[in-house]
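One letter stands for each residue in the lines below.
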Amino acid sequence: LPLSAVQAGGASVLGGAAARGQLAIFAEDAAARAVYINDQSKRSAFQRWKYRAVAAAGWRVFPVEDGRWRALAGREERSGHLKELLLAGPLEPTV
């Protein structure tokens, strides 16, 4: 399910919610048409279910939006974006 998963302590350099518990990072590929319903502000029922299932198993979910990711140029911008996502905290399980 997730693009990447990190065990507790693996993100300790970031601090905050990212340092506590397990992390699950999802790449939301809009071209796959499995992420959004006709509107990129609404996730599909299947995508919401996946996030809820992973969160219920004790993982913290961090989706990476496709459009935003593709707009980033280079490694530095992408690593900065991931750090921002992790510092902002996980997605709420009620997605």
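(A) Highlighting the packing of aromatic side chains. If you walk through the whole model with that rule in mind, you get one aromatic pair. Ring plane angle 15° and centroid distance 6.1 Å describe the contact between Phe46 and Trp49, whose orientation is recorded as stacked. Residue Phe46 and its partner Trp49 are both found in helix H1 (residues 45-56); the two are separated by three residues, about one turn of the helix. A relative accessible area of 47% means that Phe46 is categorised as partly exposed.

(B) Main features of the environment of Trp59. Topologically, Trp59 is positioned in strand S5 (residues 59-65). Of the residues examined, Trp59 reaches a relative accessible area of 22% and is grouped as partly exposed. Separated by 37 residues in the primary sequence, Trp59 and Gln22 place their C-alpha atoms 4.8 Å from one another.

(C) Looking closely at helix H3 (residues 74-88). A rise of 1.5 Å per residue sets the reference length of H3, with its 15 residues, at 21 Å; its end C-alpha atoms lie 22 Å apart and thus fit the reference within 8%. Positive phi shows up at Gly89, right after H3, with a value of about 105°.

(D) Inspection of the pattern of salt bridges at higher detail. What the rule picks out here adds up to two salt bridges. A salt bridge links Asp66 to Arg70; the shortest N-O distance between them is 2.8 Å. Taken as a pair, Asp66 and Arg70 lie in helix H2 (residues 66-71) at a separation of four residues, close to a single helical turn. A residue is classified by how much of its surface remains accessible, and Arg70, at 58% relative accessible area, is exposed. The partner of Arg68 in a salt bridge is Glu84, and the shortest N-O contact between them spans 3.8 Å. A residue pair is termed long-range when its members are at least 10 positions apart, and Arg68 in helix H2 and Glu84 in helix H3 qualify at 16 residues. We classify Glu84 as partly exposed; its relative accessible area is 48%.

Rules used throughout
Residues numbered from 1 in each chain as written. Predicted model: local features only at pLDDT ≥ 70, side-chain atom pairs only at ≥ 80, totals over all residues. Heavy atoms only, no water. Phe/Tyr/Trp six-rings, centres within 6.5 Å; stacked < 30°, edge-to-face > 60°. Helix = DSSP H or I, 4+ residues; strand = E, 2+ residues; numbered from the N terminus. Buried < 20%, exposed > 50% of the residue type's maximum accessible area, 1.4 Å probe, protein only. Expected span 1.5 Å × (residues − 1). Salt bridge = Lys/Arg side-chain N within 4 Å of Asp/Glu carboxyl O.

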